[in-house]
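Chain and residue survey
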Amino acid sequence: MEQWIGAVAVVTGASAGIGESIAIELVKKGLKVVGLARRIDRLNKLKEDLKNESGEFHPIKCDMTIEEDILAAFQWTRNNLGSVNLLVNNAGTFRNTNLTEGKTSDWKTVIDLNLLGLCIATREAVKIMTEKNLAGLIIHINSISGHFPLITVASMVNVYGATKYGVTNLAETLRLELATKKSKIRVSSISPGAVKTEILEASGLDKHEIDKMRIQNGTALLEPVDVANAVLYLMTTPPSVNVTELIIRPTGEIM
Ligand SMILES: NC(=O)c1ccc[n+]([C@@H]2O[C@H](COP(=O)([O-])OP(=O)(O)OC[C@H]3O[C@@H](n4cnc5c(N)ncnc54)[C@H](OP(=O)(O)O)[C@@H]3O)[C@@H](O)[C@H]2O)c1
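My aim in this report is to walk through the structure given alongside it, one point at a time. (Residues numbered from 1 in each chain as written. Predicted model: local features only at pLDDT ≥ 70, side-chain atom pairs only at ≥ 80, totals over all residues. Heavy atoms only, no water.)

1. Notes on the site of the ligand
What counts here: If even one non-hydrogen atom of a residue comes within 4 Å of a molecule or strand, that residue is called near it. Polar contact criterion, stated in full: a pair of N or O atoms within 3.5 Å, where within protein one must be able to donate a hydrogen and the other to accept it, and residues adjacent in sequence count only if both atoms are side-chain atoms. A run of H or I in DSSP counts as a helix once it spans at least four residues, and a run of E counts as a strand once it spans at least two, with each numbered from the N terminus. For this scheme, ten residues count as nonpolar: Ala, Val, Leu, Ile, Met, Phe, Trp, Tyr, Cys and Pro. Four count as charged, namely Asp, Glu, Lys and Arg, and the remainder, Gly too, count as polar.
Residues in close proximity to the ligand total 29 residues, the closest being Arg38, Met64, Asn90, Tyr160 and Thr197. Asn90 is positioned with one of its backbone polar atoms (N or O) 2.8 Å from an oxygen atom of the ligand. In the model, an oxygen atom of the ligand is placed 2.8 Å from a nitrogen or oxygen of the Val195 main chain. Going through the elements one at a time, α1 (17-28) and α6 (160-180) are the ones with two or more residues in the shell around the ligand. Of the residues belonging to the shell around the ligand, the class tally is 14 nonpolar, 10 polar and 5 charged.

2. As for helix α9 (residues 224-236)
Here is the rule: Any helix carries an expected span of 1.5 Å times its number of residues minus one. The contact criterion used throughout is that any non-hydrogen atoms of two residues lie within 4.5 Å.
Here α9 contains 13 residues, and its C-alpha end-to-end distance of 19 Å stays within 8% of the 18 Å for a straight helix at 1.5 Å per residue. Looking at the buried residues of α9, the elements they touch are α1, β4 (86-89), β5 (137-141), β6 (186-192) and β7 (245-248).

3. A short note on the side chain of Ser145
Just so we agree on the cut-off: Relative accessible area decides the class of each residue, using a 1.4 Å probe on protein chains only: under 20% of the type maximum gives buried, over 50% gives exposed, and in between gives partly exposed.
Among the structural elements, Ser145 can be located in the loop between β5 and α5 (154-157). Judged by its relative accessible area of 3%, Ser145 falls in the buried class. At a separation of 2.8 Å, a polar atom in the side chain of Ser145 contacts the side chain of Ser143. The residues contacting Ser145, other than those within four sequence positions of it, are Leu150, Tyr160, Gly161, Lys164 and Tyr165.

Any functional reading would require information that these geometric values do not contain.
Right under this line is the structure:
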């Protein structure tokens, strides 16, 4: 990991769950981490919590569904930290609704964040990596629902699975596009099963519904740090190795 000390990472959705855990582990490893999210109070608290670690944490308020916010965050990173060596496209969400009665605005929120926000952040990171001739690493936090339909929760995931199947395709399309250009940038997808985060609360489910869903899926859950450790693993692989997909499930998951 020594080669990453002082490197610059952008982590989207760093105020909670998997993104927060990834940001913590990267700062502990000595990286300069730019954490993006809407809840700036949470990001500022994380900065305070990490002040004695070897790396740095730079909070930026950014709504990943607003292009100007994303462009401004990358401009700040370029101006103040000079490069982007690692991008973790983690921000993502789903809405507790369905395909037969759901509101268009709910579907649009999910599509704008999970697909379009990820594409815009990726484009901006690639521009900086290419300009600086960096062997950068781009990691999409995908989902098992980007590979299989989730049968036990099918009635509540609506467009979420479509966006994550989209992320699977975007990762491979980006890898091929970069390879065609003889770029040194690597692209990886990490696809977790259920993780103990705030994603179900953010979707609009109440506590009773969350408990019911967790029982249906088997009670085991991954911890956010299990996913953060997968990011650290990808970072330890040599520049000549591109791990394209990691599927990680809690043992005993039924989903
Ligand atoms: N938890 C799971 O079981 C699970 C399983 C597989 C894959 N995943 C994927 O893992 C990723 C992280 O999810 P999580 O479980 O950690 O969820 P979470 O606990 O709800 O955290 C979501 C993060 O995304 C941010 N976010 C949401 N909307 C945003 C927006 N419009 N602009 C900027 N940031 C936004 C949130 O920050 P603010 O609200 O402060 O903006 C928060 O930091 C997602 O891509 C999700 O699909 C999760």
